[in-house]
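Residue-level structure breakdown
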Amino acid sequence: MKTAITEMFGIRHPIIQGGMHYVGFAELASAVSNAGGLGIITGLTQKTPELLAKEIARCRDMTDKPFGVNLTFLPAFTAPPYPEYIRAIVEGGVKIVETAGRSPEPYLPALKAAGIKIIHKCTSVRHSLKAERIGCDAVSVDGFECGGHPGEDDVPNMILLPRAADELKIPFVASGGMADARSLVAALALGADGMNMGTRFIATKEAPVHENIKKAIVAASELDTRLIMRALRNTERVLKNKGVEEIVQIEREKGATLTIDDIRERVGGLYPRIMIEGDVDAGAWSCGMVAGLVYDIPTVAELIERIMAEAERLIRDRLVGFLEDRVAPAMKVA
Ligand SMILES: Cc1cc2nc3c(=O)[nH]c(=O)nc-3n(C[C@H](O)[C@H](O)[C@H](O)COP(=O)(O)O)c2cc1C
């Protein structure tokens, strides 16, 4: 399948693995790239720019295909040395960067000078248009369904994607709630040139996280996520668990007076304990509503091949069938 995104990034399939804290290591990024998608290393999971340089080198040893690095500009408790992380990316020969959070504008000249393509993750049309205006090459349009930070506008992808298609000139991928061939074909129909998946890629054999995390995603339904940190205007969609119920309770009690200090120990710094040690109840970890569509733990190649084969069947048999007056049943993937 050829789209503006496969052509821009030199990849075989229009499927991107979004940056994920303590998940986006070289193992997952290289597996996605080897399977024909675009794998992405999460820059800030590497505690120093030197460690990121090593992770990039490790990934390069595992794949000869293009891969990217995510740089997240979120309100951090202490701001990381972004220029040095960018130097590691440039010197590592990475040609694709996924930015997210605050505007990447201050860092674009350095990235562009190195011939790097930038895909900025946005949760609104206005931010997508700003990304286009400041010179980003593509946008990842992240709907309200998404795992992680959906922003504060709460517009789901059924509206957000066609709105983005109506306004944007640069290509974009659909992000948030994407899991299978139906997601991909729907995203293409709504105007996107591919899809970005987070949660779905965690439940794969190669994702270097504890089995408990993968099993928790498979066990979860579409009703099992919660939004936290709304009062701080830093909303995050996370999997419901014991730690998260405590956060929700504190937030309920504090209302508009909530400060980050009220919940800091339950939302910050827990990722290693959760993702590596498998303590799923320790506190907040990002997870999308799409967990309800995750039924298994395949290899990344099995997942991507299945999506592409089923997308073809979906288009040729079901969609074209309607035009030829053949009434096809809905496609099930479970
Ligand atoms: C565990 C987890 C950690 C994430 N960490 C980051 C991150 O550090 N930076 C970022 O830009 N996005 C992060 N995301 C968001 C993903 O890149 C992606 O946009 C999102 O998962 C898409 O929604 P989906 O989960 O419904 O597929 C994270 C998502 C998850 C599930």
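Residues numbered from 1 in each chain as written. Predicted model: local features only at pLDDT ≥ 70, side-chain atom pairs only at ≥ 80, totals over all residues.

Within helix α7 (residues 157-167), burial applies to Asn 157, Leu 160, Leu 161 and Ala 164. In an axial view of α7, the angular spread of the buried residues amounts to 95°, which keeps them on one side of the axis. Among the structural elements, α6 (125-134), β6 (138-142), β7 (172-175) and α8 (181-189) are those in contact with the buried residues of α7. (Buried ≥ 20, exposed ≤ 12 C-beta atoms within 10 Å, placed from the backbone. Helix = DSSP H or I, 4+ residues; strand = E, 2+ residues; numbered from the N terminus. Arc of directions from axis to C-beta. Contact = placed C-beta atoms within 7 Å.)

So, on to the packing of α6 against α7. Remark: α6 packs on α7, axes separated minimally by 10 Å, with the N-to-C direction vectors making an angle of 35°. When the axes of α6 and α7 are compared, the crossing they make is right-handed. Counted together, Val 125, Ser 128 and Leu 129 of α6 and Arg 163, Ala 164 and Glu 167 of α7 form the full contact between these two elements. (Axes fitted to C-alpha atoms, helices over the stretch in contact; angles between N-to-C directions. Left-handed = near helix turned anticlockwise from the far one by under 90°.)

Turning next to the site of the ligand. Near the ligand you find 29 residues, and of these Gly 18, Ala 100, Gly 147, Gly 198 and Gly 288 are the closest. Counting only elements with at least two residues in the shell around the ligand, the list comes to β3 (67-73), β8 (195-197) and α9 (199-202). Considered class by class, the residues forming the shell around the ligand number 9 nonpolar, 16 polar and 4 charged. Per-domain counts for the shell around the ligand show at least three residues from each of domain 1 (4-208) and domain 2 (211-290). (Near = placed C-beta within 6 Å. Nonpolar A, V, L, I, M, F, W, Y, C, P; charged D, E, K, R; others polar. Domains from an automatic or database assignment.)

So, to be careful, I would describe these as geometric facts and stop short of saying anything about function.
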